[in-house]
Amino acid sequence: MASTNLSAPSLQAFLDAFNAHDVDAIMSFFTEDCVFDMPRGPAPGGRRLIGLQQVREGIQSRFDGIPDIRYGDDRHWTCGDRGVSEWTIRGTQHTGERIEVRGCDLFEFRDGKVSRKDSFWKIVP
């Protein structure tokens, strides 16, 4: 869905950068003090990454862990300083195991950039 909120970045362009595996382009969407809550981690909220360096390392680890990762079946919307992206991840984990996961990202925006990205995955046992 389109948004008239000029303070929200294009979530489709953000996802396109992920599909291009372009870490520099992805990072250009984040604020300096960004937060990325990973879907997996030691606490119910996942692993929290704070700041550009930690977020960059977390994103790179996603590409390292699933080298051919692609996001598809996506849709996006924003409302004020919040946004949502829904997608399906498909790829092959570095272990050789195929992965297909439905998930979403909840976003918070500030000054036209992503200040927080909170990722959720539906895990198939």
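Relevant structure appears above.
All figures in this text were calculated on a predicted structure; none of them were measured in a lab.

Enquirer: Whenever I open this one, the environment of G72 confuses me. Can you help?
Expert: Along the chain, G72 turns up in strand 3 (residues 70–79). Residue classification places G72 among the buried residues on the basis of a relative accessible area of 17%. Spatially, the C-alpha atom of G72 lies 7.9 Å from that of R90, the residues being 18 residues apart in sequence. In contact with G72, other than residues within four places in its own chain, are W87, T88 and R102.

Enquirer: Just to check I follow, could you spell out the environment of P9 for this structure?
Expert: As for its placement among the helices and strands, P9 is situated in the segment before helix 1 (11–19). Exposure remark for P9: the relative accessible area of 12% places this residue in the buried category. With 101 residues separating them along the chain, P9 and R110 place their C-alpha atoms 9.5 Å apart. Residues contacting P9, with those up to four places away along its chain left out, are F29, F109, G112, K113 and V114.

Enquirer: Can you help me understand the pattern of salt bridges in this one?
Expert: Two side chains of opposite charge can pair, provided their charged atoms sit close to one another. Within the structure shown, the criterion is met by 14 salt bridges. A salt bridge links R75 to E86; the nearest nitrogen and oxygen atoms lie 2.4 Å apart. Taken as a pair, R75 in strand 3 and E86 in strand 4 (residues 82–92) lie far apart in primary sequence, 11 residues in all. Note that D81 and R82 form a salt bridge whose closest N and O atoms lie 3.9 Å from each other. In the salt-bridge network here, residues are joined through shared partners; they are D37, R48, D81, R82, E108, R116 and D118.

About the criteria used
- Residues numbered from 1 in each chain as written.
- Predicted model: local features only at pLDDT ≥ 70, side-chain atom pairs only at ≥ 80, totals over all residues.
- Heavy atoms only, no water.
- Helix = DSSP H or I, 4+ residues; strand = E, 2+ residues; numbered from the N terminus.
- Buried < 20%, exposed > 50% of the residue type's maximum accessible area, 1.4 Å probe, protein only.
- Contact = heavy atoms within 4.5 Å.
- Salt bridge = Lys/Arg side-chain N within 4 Å of Asp/Glu carboxyl O.

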